[in-house]
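Commentary on secondary and tertiary structure
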Amino acid sequence: NISNKNYIKRADAFNKYFNIIFPLVLSISIFTTLVADEILLILVDESKINTSLINVFKIGIWIEFIRLTINLLKNITMSEYKTNKIILPYLTGCLIFLFIIYLNNISDLFNITILLFVSYFIILILSIFSFNRIIKIKLNYYQIIAILLFITPVFLILLYMKNTLTIVFSTIYLLIV
């Protein structure tokens, strides 16, 4: 339980939680990226879909992945009542975003999406450094690699044999796993 009074138990609870959720979010992000074209066919009229929209959508998936990862990490600050540690990473990322938009007068959707991705990535890196001082983040790399290897066949099938049937079976397989 992350609200436990014992620091070591809180740290263990956070790391256990993080090592369960992070691979899941990573797998969903990869899967969603691979089927982004089909998702857009459901969400958007086919006449409006173009390469730029697909690329922006895929970058948006990874922006969401980073945002979810940051939110997972923010549990550290909540459990230790040190929410002020959230301010610096977000302030830095926000100021970089605004400064680059102001400096380059960026107005097209693709470049704004790239800039947003970079800003969130900076926030993620700064959050990891900042939050790691509160509770040592222990990422179980072997577990992540094992999960990714276990679902790699699904990703390869989606990469090379993308049709409705393979998407449905891949979704069912990922839900079972």
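The coordinates are above.
Quick summary incoming for the structure in this document. Since the model is a prediction, treat every value here as computed from it, not as a measurement. (Residues numbered from 1 in each chain as written. Predicted model: local features only at pLDDT ≥ 70, side-chain atom pairs only at ≥ 80, totals over all residues. Heavy atoms only, no water.)

1. As for helix α4 (residues 87-104)
Basically, it comes down to this: Helical segments are the DSSP runs of H or I of at least four residues, strand segments are the runs of E of at least two, and each set is numbered from the N terminus. Expected helix span is given by 1.5 Å per residue-to-residue step, counting one fewer step than there are residues. Relative accessibility decides the category of a residue: with a 1.4 Å probe and only protein chains considered, values under 20% of the type maximum give buried, values over 50% give exposed, and everything between is partly exposed. Working note: the arc is built from the helix axis to C-beta atom directions. Between two residues, a contact is recorded if the distance between any of their heavy atoms is within 4.5 Å.
Over its 18 residues, α4 runs 26 Å from end to end, which matches the ideal 26 Å to within 8%, given 1.5 Å per residue. All of the buried residues in α4 are Pro-89, Gly-93 and Phe-97. For α4, the angular spread of buried residues about the axis comes to 65°, placing them on one side. Within α4, the exposed residues directed more than 90 degrees away from the buried face are Ile-87, Leu-88, Phe-99, Tyr-102 and Leu-103. Where the residues of α4 are buried, they touch α5 (109-132). Positioned one or two residues after α4, Asn-105 has a phi angle of 50°, which is positive.

2. Considering the side chain of Thr-32
For clarity, the cut-off: Pairs of N or O atoms are called polar contacts if they sit within 3.5 Å, as long as, within protein, a hydrogen donor faces a hydrogen acceptor (for residues adjacent in sequence, only side-chain-to-side-chain pairs).
For Thr-32, the position within the fold is in helix α1 (residues 7-34). Polar side-chain contacts of Thr-32 include one of 2.6 Å to the backbone oxygen of Ile-28.

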